Structures are given as structure tokens and as C-alpha cells.
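# Coordinates in review
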Amino acid sequence: MNQHPALNHDTRLHRLSVVMIVKNEAKNLELSLPALHGWIDELIVLDSGSTDHGRQLVEDAGGKWYENLNWPGFGKQRQIAQSFATGEWILALDADEVVTEELKHSILAAIQQPPAQTVFGIKRLDCIFGHQIDNAFWPVKAHWRLYPKSYQYNDNLVHESVVLTDAITKTLSGFLLHQTAPTPKFWLEKRLDYAKAWAIDRDQRGKTVGIFGVFFHTFWAFIKQYFIDGRFLMGKYGFVYALLFTQYTFNKYAILYDLKHNRAEQTFQDSLKLTHTLKPVDQTEKKSTVSLVMIAKNESKHLAACLDTVYDLVDEIIILDSGSTDNTRTIAEQYGAKWYVNTDWQGFGLQRQLAQSYATKEYVIVLDPDERLDQSLRESIVNVLKQPVQHDKVFTFARVNQFCGVEVQKRFWYSDKLARLYANESFKYSSLEVHESLDQKNVPSVRLAGYLAHLTNDDLHHFLVKNIRYSHDWASDKYKHGKKVGFFSSILRAIFSFIREYIIRGDFIGGAYGYLLAMASMGYTLDKYLMLWQMNKETKQ
């Protein structure tokens, strides 16, 4: 008989073990564990590296805590967790799933029979940000979660399921309440991890997808989630979930496409070769001095290639680091850079302001480590420096973005115009946490001839990770400043962002990666406005 007060104390012919795998799930465990109190025989939890107080919660609930830090994928992790169970019946749960009272009684009735070949499905109602987005009266998919210990999960890295060989399947009455995510950021980050794991798994199995396949799967995901699965009945949050799941589906197939077609490494190697073709620029008539100002963190891959295109034009190099753990500093010091550190990150704008405060020369050039000056732009910069410092204008660089190694937005159609050369005493960056820009004080901009190459990302997943971070930073900054946004305006802004990227900025010329960039940009816009909308909603509540 179990001695812990949180476990079942009644004599039972066939014991029930609840099996979970977790990592930093304390907040969800606070919801799910109370629903198991007093009626399960064993609680097995396998952790993969938690740093929160989940273990204490599990042990307080009478559970046994195990660890496996060598992550093998979801399927095999569940197999390992189940190997610790001693009950004849297994109830596989996630930490974010809450057993309802009706389901509890269905489970207790089911386990009275000897475990043989019957595997029970459990219907699950999804909730997002605390709002239910599945209708209990609509057909709901059953997940195979209650089964004899002789059955187990497959080896899938993600989207794992119980192997039903020779099984008789039945569905229990009652529901699991699936608390998918407390916030948009949590949902996006978790699902992006799933998308990457899924794509790698399918790639290793030899699965491929074309760009039309990416489009079709994305389109079908929305139709299925919103209409077939009945989420049109669940108001705004049903629509939000359909959109977010559609974005997740796009991410899965887009990352799979990128695994086969990515050109970022080749473009990076080409950029290294290009630096060797740059020619010295005559600076004998220089009348103004200039500081190169950069912010950086773990930029050892790109920093040298960037500095090779600019170090001979500037009078000092200022680099403000925010916590590098690679050899970025060693590389910087090889170019004579002055190295400063500020790990109290308060956003890009304030970090750039602080970096500029260390500059001592008349002009400032702002570059990021993943940017490169071409020969024409180098010469244009020196031509500006051949004149006394100008306080009545700023100078912009035309930036050409290399997305996954592809110049999607062709320079003859569109390029970013960024104010990057300006008088040190007269101008500085805004304080925005993200999408910071120079406060030009209404002075005119003069575009310099030449181009600034921008190697935006190593792969699509890297780009999407940054998008989530930037969208949350943007939403948090706007929320702090009292900005409000409506639900429908958030959707319209996302749609317009796709039109702007794909048509106005010419992503359609960039082929498959043009479509991927436009879709990712639409997702980013949707995410940042939904985050702000949800923050506003939580404040009202």
C-alpha cells in the first residue's frame, strides 16, 4: 500500500502509474498535479534538465523524480520514463494536462479490468492563454494515453505516439484540459523547438518538401484547425489558435525545405573572398575623424570579416559586448578595438547609446558584425571624411539582405536605407528596445553610393528564433509606453506586412526564399501585435 497521503491508499488489483516527461514545467505542474491527488498509485516524472522548482512539487505529490539529460527525442524519453513505472496500467500525461472529474471516474472504471490488449483514447480540450479553444460538442481527437504496460511509445523525435500493434482501441468519456501555453511567447518558443525537431527527424529519414508543398501544408493547416476542428465556434481565441498553429505548420515545412536548400555558408565563404578584393582608399585629404561603433555578443564567426572591410577607414574601433563566451574579444583586439562590456541589457537602443558614449572622434559609423562594406561604399565614406564634419545631415547606407544566403530583395528593386554615418556630437540612437533607429532631428539624409551586405541569418530556424525574441521585446516596450492595439487591426497589420514584403519590396523576385521571407515577416508582425494585444487583455482582467 502507498504511504504518501497524495497517492491512492485503497487496495487495487491493477495498479495505475502516471508517467510524465518534463523540463521547467513547475507552473504547469501546479495546475495538473492537484487533479491526480489521492487516486493514482504511482507518479513517475523524468526530467531533462529543469532549473525551476518542479522536483519539489512532484515529490510533495508523492512522485518519484528521475533525470535523463542526454535528450534522445520525445518518443525515446517517454520509453525511458515508462521503464521506471511499476503499475500494470500506464497513464501517460504531459505536465500541462489537467484530468477532469468525469475523466478520472472513466479511468478508474477502465483499470478495474486486467491489462491485456485494450488501449484507451482520451479526448483533449486545448486551452490557450487560459481560454478554452476546443468545443466539447464538436468531434475531438482522442489520444492514446491509458494502456497496459506491455505497450509503449514509438521512437519519434517529436509527434510521438503509442504503438498500437494488435491493440483493441476504445475512447473514455471525459476530457483532459490541455493548457498549451500561458503566453504567446511560451507557445511560439515551444512550438518552434518542436518544428525544428520534426524537420530534422524527417530530413534524416529522407523526406523532402518543395516550396509548393510548404504552401499547401500551411494553407491546409488553417482550414483544418479553424473549420474542420470547429475552432470557428470558439471566438477570437479559436481564431488565434488556428493562426498560431498555421504558423507552426509553416515553420515545420519551411525549416525542412531550408535544410536542403540553405546557401548561408556558401554566401559567408564568398564574403570572405570578397574582402580580399577590396582596395585601399586614398585618405590623404581626410579632414574629419571617425569612430566605428559596434555592439556584439558571440560574433566570432562574423567579426573579422566585417572589420576587414572598414578598419583601415576609421580612427578608432569601439565594441560594446553584452556577454560573449566565445573569442569575440580576442578577434576585436587583433584589430586594435577598444573593448567595453555591459551585460545589463535594456534593449538595442540604449545599448547603442552607451556604445556611442565611448566614441571620441567627430563622426560615428555604426555597423553590426554581420555586415560588410563594398568598395564603392568605402570610397563614399572617405569622400565624406574629406570634408569638415557636417552637423546638418546624416548619411545613409543601402543595405542588401542575404536571407539564408539568398539575396531575396534584389538591389535594383529595394534595399534598406539606414542612417549609419553621422556627427558624433549631434545625433544618437533612439531608446527603443528593438527596431532602434537614429534620431535624425528632422535633418535630411544623403544616401552614399555603394552597398552594405547583411548576412542576416545562418539558417531559417535562427531567423525565426530572433523573430520571436524581437517580437516580444517590441511588444514589451510598446506595452510599457501604453500602446493599445485591437484584435482585428493586428490581423490586418500582419496581412499588410506580407503584401509589403512580397510585392512592394519585391520578395516575389527572390523565388522560394522570397516566399519564405514574406511568410516569416507576416508571422513576426502577427506575433508582436498578438503579444501586445494579449498583454493589454491581461491588464484589463
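In what follows, the accompanying structure is described. Since the model is a prediction, treat every value here as computed from it, not as a measurement.

Moving on: the packing of aromatic side chains. Taken as a whole and judged by the stated rule, the model has 40 aromatic pairs. Ring centres 3.8 Å apart and planes at 5° place the aromatic pair Tyr340 and Tyr358 in the stacked group. You can see Tyr340 sitting in strand β12 (residues 338–341) and its partner Tyr358 sitting in the loop between α11 (348–357) and β13 (363–366), a full 18 residues away along the chain. Here Tyr358 falls in the partly exposed class, since its relative accessible area comes to 26%. Ring centres of Phe487 and Trp533 lie 5.0 Å apart, and the angle between their planes is 50°; this geometry places the pair in the tilted category. Here Phe487, found in helix α14 (residues 487–504), pairs with Trp533, found in helix α15 (residues 511–540); they are 46 residues apart in sequence, far enough to count as distant. Across this residue pair, the class does not change: Phe487 and Trp533 are buried. An aromatic cluster is present here, built from Phe129, Trp138, Phe222, Tyr226, Phe227, Phe232, Tyr237, Phe239, Phe487, Phe488 and Trp533 joined pairwise through their rings. Here the basic side chain of Lys417 rests over the ring of Tyr414, its NZ or CZ set 6.0 Å away from the ring centre.

Bringing the nonpolar core into the picture now. Ranked by size, the top nonpolar core spans 92 residues in total, and within it Trp187, Val214, Phe403 and Leu516 carry the most contacts. When neighbours within four sequence positions are excluded, Phe403 is seen to be in contact with Val408, Thr456, Asn457, Leu460, Phe463, Tyr513, Leu516 and Leu517.

It is worth spelling out a nonpolar patch on the surface at this point. A contiguous nonpolar patch, built from Phe215, Phe216, Phe219, Trp220, Phe227, Ile228, Phe232 and Leu233 and spanning about 810 Å² of accessible area, is present on the exposed surface. Among the structural elements, Phe227 can be located in helix α6 (residues 211–228). Given a relative accessible area of 42%, Phe227 falls into the partly exposed group.

Turning our eyes to something else, we now look at unusual backbone geometry. Positive phi, normally seen in glycine, also occurs at Asn24, with a value near 50°. Under the relative-accessibility criterion, Asn24 is labelled partly exposed at 34%. Positive phi, normally seen in glycine, also occurs at Lys441, with a value near 55°.

Okay, the environment of Gln132 next. Within the secondary structure, Gln132 is located in strand β7 (residues 131–132). The exposure class of Gln132 is partly exposed, given its relative accessible area of 34%. Along the backbone, Gln132 and Met234 are 102 residues apart, and their C-alpha atoms lie at a distance of 7.7 Å. Residues in contact with Gln132, not counting those within four places in the same chain, are Leu125, Asp126, Cys127, Leu177 and Met234. There is a polar contact of 2.7 Å between the side chain of Gln132 and the backbone oxygen of Asp134.

The end-to-end C-alpha separation of α14 is 25 Å, in line with the 26 Å expected for 18 residues at 1.5 Å each. Of the residues making up α14, those classed as buried are Phe487, Ser490, Ile491, Ala494, Ser497 and Glu501. Looking down the long axis of α14, one finds its buried residues gathered within 115° of arc, a one-sided arrangement. What points out from α14, more than 90 degrees from its buried face, is the exposed set Phe488, Leu492 and Ile504. At its buried positions, α14 is contacted by α7 (235–261) and α15. Looking one or two places after α14, you find Gly506, whose phi comes out positive at around 80°.

Reading the values: the criteria
- Residues numbered from 1 in each chain as written.
- Predicted model: local features only at pLDDT ≥ 70, side-chain atom pairs only at ≥ 80, totals over all residues.
- Heavy atoms only, no water.
- Phe/Tyr/Trp six-rings, centres within 6.5 Å; stacked < 30°, edge-to-face > 60°.
- Helix = DSSP H or I, 4+ residues; strand = E, 2+ residues; numbered from the N terminus.
- Buried < 20%, exposed > 50% of the residue type's maximum accessible area, 1.4 Å probe, protein only.
- Lys NZ or Arg CZ within 6 Å of the ring centre and 35° of its normal.
- Core = buried A, V, L, I, M, F, W, Y, C linked by side-chain atoms within 4.5 Å.
- Contact = heavy atoms within 4.5 Å.
- Patch = residues over 30% accessible without salt bridge, like charges linked within 9 Å, V, L, I, M, F, W, Y side chains within 5 Å.
- Areas by Shrake-Rupley, 256 points an atom, 1.4 Å probe, with all protein chains shown as cover.
- Salt bridge = Lys/Arg side-chain N within 4 Å of Asp/Glu carboxyl O.
- Polar contact = N/O pair within 3.5 Å; in protein donor to acceptor, adjacent residues only side chain to side chain.
- Expected span 1.5 Å × (residues − 1).
- Arc of directions from axis to C-beta.

Any functional reading would require information that these geometric values do not contain.
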